[in-house]
Amino acid sequence: MIIGSEKKMLKVANKFGSTLVNNLNQNLIIYLKGELGSGKTTFSKGLIKGMGYKGLITSPTFSIMERIETGEFYVLHIDLYRIERSEEIVELELHEEPNYSKPTIMIIEWPERGHDLILPADIEISFDMTNEINERNIDL
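Residues numbered from 1 in each chain as written. Predicted model: local features only at pLDDT ≥ 70, side-chain atom pairs only at ≥ 80, totals over all residues. Heavy atoms only, no water.

(A) Highlighting helix α2 (residues 40–50). Among the residues of α2, those classed as buried are K40, F43, S44, G46, L47, I48 and G50. Downstream of α2 by a residue or two, G52 has a phi angle that is positive, lying close to 100 degrees. (Buried < 20%, exposed > 50% of the residue type's maximum accessible area, 1.4 Å probe, protein only. Helix = DSSP H or I, 4+ residues; strand = E, 2+ residues; numbered from the N terminus.)

In structure tokens form, the structure reads like this:
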């Protein structure tokens, strides 16, 4: 699907998020793959807002993981771009199924940096840049 602007990316992600949350009854792992600047974090923000979260959503680029709690579920927004050692995956417990009192959605940017230790994806979304500056091709 070709997305022509950041605003449209947020709209598509928002709709996807609202669909997911209406059917959520177990943990869910979402991989976001694509080169730097391809729209993964923008999509994540729209996705989380679509799930009904009203608070500020910050990028986990430097913190590696942002944990968001709502009344119905948890969201772990994870950015593995800066991960260098497999031990970091274990320290963050990304090799284990989350065991919270509510369903947990793990949104993982840069899953290829997970040293083959992170949990497998239930949903994989790929982001590619096109020849147009603000346009992205996403494959859900």
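(B) Spotlight on the packing of aromatic side chains. Scanning all chains against the criterion turns up 4 aromatic pairs. Relative to F43, the ring of F16 has its centre 6.3 Å away and its plane inclined at 45 degrees; by these criteria the two rings are tilted. With F16 in helix α1 (residues 6–22) and F43 in helix α2, this residue pair connects regions lying 27 residues apart in the sequence. Given the relative accessible area of 0%, F43 is considered buried. Measuring from centroid to centroid gives 5.4 Å for F43 and F127, while their planes differ by 70 degrees, and the two rings are edge-to-face. (Phe/Tyr/Trp six-rings, centres within 6.5 Å; stacked < 30°, edge-to-face > 60°.)

(C) Broad picture of a positive patch on the surface. There is a patch of like positive charges on the surface, built from K7, K8, K11 and K15. Take K8: it is sitting in helix α1. (Patch = residues over 30% accessible without salt bridge, like charges linked within 9 Å, V, L, I, M, F, W, Y side chains within 5 Å. Areas by Shrake-Rupley, 256 points an atom, 1.4 Å probe, with all protein chains shown as cover. Salt bridge = Lys/Arg side-chain N within 4 Å of Asp/Glu carboxyl O. Lys, Arg positive; Asp, Glu negative; His and termini not counted. Charge placed at Lys NZ, Arg CZ, Asp CG, Glu CD.)

(D) Representation of the environment of T58 within the structure. Summarising the element assignment, T58 is placed in the loop between α2 and β3 (65–69). We classify T58 as partly exposed; its relative accessible area is 35%. With 14 residues separating them in the primary sequence, T58 and S44 have C-alpha atoms 9.9 Å apart. T58 has contacts with E66 and H77, leaving out every residue within four places of it along the chain. (Contact = heavy atoms within 4.5 Å.)

(E) Representation of the sheet that holds strand β7 (residues 136–139) in the model. Spatially, β1-β7-β6-β2-β5-β4-β3 is the arrangement adopted by the 7 strands of the open sheet, whose pairing is mixed. Looking at strand neighbours, the two that pair on one side only are β1 (2–3) and β3, the edges of this open sheet. Each of β1, β2 (28–34), β6 (123–129) and β7 touches α1; the most contacted strand, β6, lies at about 175 degrees to it. (Pairing = 2+ DSSP bridges. Axes fitted to C-alpha atoms, helices over the stretch in contact; angles between N-to-C directions.)

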